[in-house]
Amino acid sequence: METPQIFHGDGRASENPADFLKSFNRAMRQQSITVSTNKLDAFGDYLGTSSQAEVWFKALPSADKVSWPTFVTAFEVRWPPVKIAEKTKAEYEKELLDHILQSMEVGKKTMLHDRECWSHVAWAAKTLQLATSTGIAQSTLMIWQVRGTLPDIVKDLLKDEDYTNWAEFTKAVTDLKGSRLVEKQEQYNRQVQELNALRMDFARIRQRAPAANPIDALQNQLSRMSVSTPTLPTALPTTSTYARAPIAQTGQNMQPTHSRQPATAAAPQQPIIVTDELKAKVRLLITSFPHHPDTPAGHTAHAAQIAQWNGKWGDNARVTHETGYPLKPGMATICSGECFACGTHGHNSRNCVLPPGDTARLERKEAAWRAVSSRVLGAFNRFAATPISLVYAYDGGQFGEGEQEQGKGDGSV
């Protein structure tokens, strides 16, 4: 049964005049007290002794106690209902953008409407509520802006769809399995721990200062090495000068064989010596170029990475283990046994069905970086990466996938 709290009417934070009046009315109905005089007689029993409300009630003219509606009017004159300051559309939009699901919250549970649920479910419910308050729930406005703030773990599991309204978008988030997010979060935490350990190891290595300083000597030697993609067969420029260098032959009656080299060709590069220091350095370079998803925002971020790389190293710079290179959005994870030519799985670059010059092939600099990383680190991401297959059309109009031979760590580019 309803039991109204004692009302004082002095503005204390623990009481609201309008809520007290509603509670008193509910109590009277439960006790079947409907006559105005009876309700007024009972009203004084719910006022604090010698409080402002009791002093006002005792001094109230009889004309204001003729009926219950008349009394309510007098009560609201003395304690007028508080008018709520409604938020503007701009305020709701800002609140919508500020409502962010943090990475540390993914895969954890929280309370929603006195019920335990996954954090991403609670986030989706609040997001839909804010979109409705903003007046954009039936449109696509701001959906991709809000989607872009989601943790990468959540975005990786969401399908790349064109949502028609906010209900579809928030339902897609709600439908994600909490157990799958927990698994992804644990995998991400392990990768962070491994990366932090690598950074600490690399920092300790750089702090060493032996008399001969072998680390600096090794880095200077490595900085003079580079790996580049082989030149595609094209017509030789008429302005180039080539020397013919015969290759030694054995046996009689054999015709001499020649190989073509530019007259000004540099000395052959030394092979890369894979060391723990070099592995740590390449891993750090990989993490310095985040691999973005195949979305408009991802392509914009990738273009900014390319511009930054060109600004630092130059448009014609060669890709080495010192420079790294940004990865094309939506392609296979680096060092996952992918083809260096097209960035998909199921074959290596020697067997890639995409012909040279095809627009679907990776940029030569990215292909070179994937080759360098794979030669140094191997396919360490093979089991953690999402499989990506190359789908192509035959001349007959039928479709198929690339050859089922996994890319090799030392595959050609």
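In case you missed it, the structure is sitting above this.
Every value quoted in this text rests on a predicted model; they were computed, and no experiment measured them.

About the thresholds
Residues numbered from 1 in each chain as written. Predicted model: local features only at pLDDT ≥ 70, side-chain atom pairs only at ≥ 80, totals over all residues. Heavy atoms only, no water. Patch = residues over 30% accessible without salt bridge, like charges linked within 9 Å, V, L, I, M, F, W, Y side chains within 5 Å. Areas by Shrake-Rupley, 256 points an atom, 1.4 Å probe, with all protein chains shown as cover. Salt bridge = Lys/Arg side-chain N within 4 Å of Asp/Glu carboxyl O. Lys, Arg positive; Asp, Glu negative; His and termini not counted. Charge placed at Lys NZ, Arg CZ, Asp CG, Glu CD. Helix = DSSP H or I, 4+ residues; strand = E, 2+ residues; numbered from the N terminus. Buried < 20%, exposed > 50% of the residue type's maximum accessible area, 1.4 Å probe, protein only. Expected span 1.5 Å × (residues − 1). Phe/Tyr/Trp six-rings, centres within 6.5 Å; stacked < 30°, edge-to-face > 60°. Lys NZ or Arg CZ within 6 Å of the ring centre and 35° of its normal. Axes fitted to C-alpha atoms, helices over the stretch in contact; angles between N-to-C directions. Parallel < 35°, antiparallel > 145°, perpendicular 65-115°, else oblique. Contact = heavy atoms within 4.5 Å. Nonpolar A, V, L, I, M, F, W, Y, C, P; charged D, E, K, R; others polar.

Trainee: So what exactly am I meant to see when it comes to a negative patch on the surface here?
Mentor: There is a patch of like negative charges on the surface, built from D160, E161, D162, E168 and D294. Of note, E168 is situated in helix α9 (residues 166–174). On the basis of relative accessible area, E168 is assigned to the partly exposed category, the value being 37%.

Trainee: Honestly, helix α10 (residues 178–207) in this entry has me stumped. Any pointers?
Mentor: Along its 30 residues, α10 runs 43 Å from first to last C-alpha, staying within 8% of the 44 Å computed at 1.5 Å per residue. Where α10 is concerned, the buried positions are G178, L181, K184, Q185, L195, F202 and I205.

Trainee: Help me understand the packing of aromatic side chains, please; the structure alone is not making it clear to me.
Mentor: Two descriptors summarise a pair of aromatic rings, namely the distance from one centre to the other and the angle between the planes of the rings. Taken as a whole and assessed by the stated rule, the structure comprises 24 aromatic pairs. Seen in terms of ring centroids, F20 and F43 are 5.8 Å apart; in terms of plane orientation they differ by 65°. Their pairing is edge-to-face. Residue F20 is found in helix α1 (residues 17–30), and its partner F43 is found in helix α2 (residues 36–43); the two are separated by 23 residues along the sequence. The residues F20 and F43 share a single accessibility class, namely buried. An angle of 75° between the planes, with centres 4.9 Å apart, marks the rings of W309 and Y325 as edge-to-face. Placement of the pair is W309 in helix α13 (residues 296–313) and Y325 in the loop between α13 and α14 (364–377), with a sequence separation of 16 residues. These aromatic residues form a ring-pair network of at least three members: F7, F20, F24, F43, Y46, W56, F57, W68, F71, F75 and W79. We note K65 situated over the ring of F57; from NZ or CZ to the ring centre the distance is 4.2 Å. Over the face of the ring belonging to F380 we find R283, whose NZ or CZ atom lies 4.3 Å from the ring centre.

Trainee: It is not clear to me how the packing of helix α6 (residues 119–134) against α9 should be interpreted in this structure. Could you clarify?
Mentor: When two helices pack together, their arrangement is given by the angle between their axes and by how far apart the axes lie. At a minimum axis separation of 8 Å, α6 and α9 run at an interaxial angle of 170°. Of the possible angle classes, the one that applies to α6 and α9 is roughly antiparallel. Listed contacts from α9 to H120, V121, W123, A124, T127, L128 and A131 of α6 are W166, A167, F169, T170, V173 and T174. Among the residues forming the contact of α6 with α9, the class breakdown is 9 nonpolar, 4 polar and no charged.

Trainee: Got a minute to help me understand the pattern of salt bridges in this structure?
Mentor: Between side chains of opposite charge, pairing is possible as soon as their charged atoms come close. According to the stated counting rule, one finds 11 salt bridges in the structure shown. Its salt-bridge partner being K155, residue D152 comes within 3.5 Å of it at the nearest N-O pair. Taken as a pair, D152 and K155 lie in helix α8 (residues 152–157) at a separation of 3 residues, close to a single helical turn. Residue classification places K155 among the buried residues on the basis of a relative accessible area of 18%.

Trainee: Teacher, can you tell me more about the side chain of T295 here?
Mentor: The residue T295 is located in the loop between α12 (276–287) and α13 in this model. Accessibility expressed as a relative area gives 8% for T295, which makes it buried. Dropping the residues within four chain positions of it, T295 is found in contact with R147 and D160.

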